[in-house]
Amino acid sequence: MELNLNPNISDPDGFYDELLGVHQGLSKEDSDALNARLILILANHIGDRDVLWAALEAAK
């Protein structure tokens, strides 16, 4: 599996609103912790170490 960097989320604006919504009212520390949990959950879902490495490299 290759890392897909092309737009791939149906209703990206809606997702962005939801993402912002779950952060609403959180402290910086709690918001950072939510982001870390989300990253780990999605990384686990992907599972493929090569794809995860490509994502790390792309994020640099």
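Scroll up to find the structure.
These remarks concern the structure in this document. Just so we're clear, the structure is a prediction, and the values are computed from it rather than from any experiment.

In this section: the overall build of the protein chain. In terms of helices and strands, the protein chain carries 3 helices and 0 strands. Taken over the C-alpha trace, the protein chain has a radius of gyration of 13 Å; the compact-globule value for 60 residues is 10 Å, which it surpasses by more than 25%. In terms of overall dimensions, the protein chain has C-alpha extents of about 35 × 25 × 20 Å along its principal axes. Put simply, the protein chain has 60 residues, and 10% of those count as buried. For the protein chain, the centre of its 4 positive side-chain charges and the centre of its 11 negative side-chain charges are spaced 10 Å apart.

A contiguous patch of negative charge, built from Asp11, Asp13, Asp17 and Glu18, is present on the exposed surface. Tracing the backbone through its elements, the reader meets Asp17 in helix α1 (residues 12-23).

Quick notes on the rules
Residues numbered from 1 in each chain as written. Predicted model: local features only at pLDDT ≥ 70, side-chain atom pairs only at ≥ 80, totals over all residues. Heavy atoms only, no water. Helix = DSSP H or I, 4+ residues; strand = E, 2+ residues; numbered from the N terminus. Rg over C-alpha atoms; globule rule 2.2 N^0.38 Å. Buried < 20%, exposed > 50% of the residue type's maximum accessible area, 1.4 Å probe, protein only. Lys, Arg positive; Asp, Glu negative; His and termini not counted. Charge placed at Lys NZ, Arg CZ, Asp CG, Glu CD. Patch = residues over 30% accessible without salt bridge, like charges linked within 9 Å, V, L, I, M, F, W, Y side chains within 5 Å. Areas by Shrake-Rupley, 256 points an atom, 1.4 Å probe, with all protein chains shown as cover. Salt bridge = Lys/Arg side-chain N within 4 Å of Asp/Glu carboxyl O.

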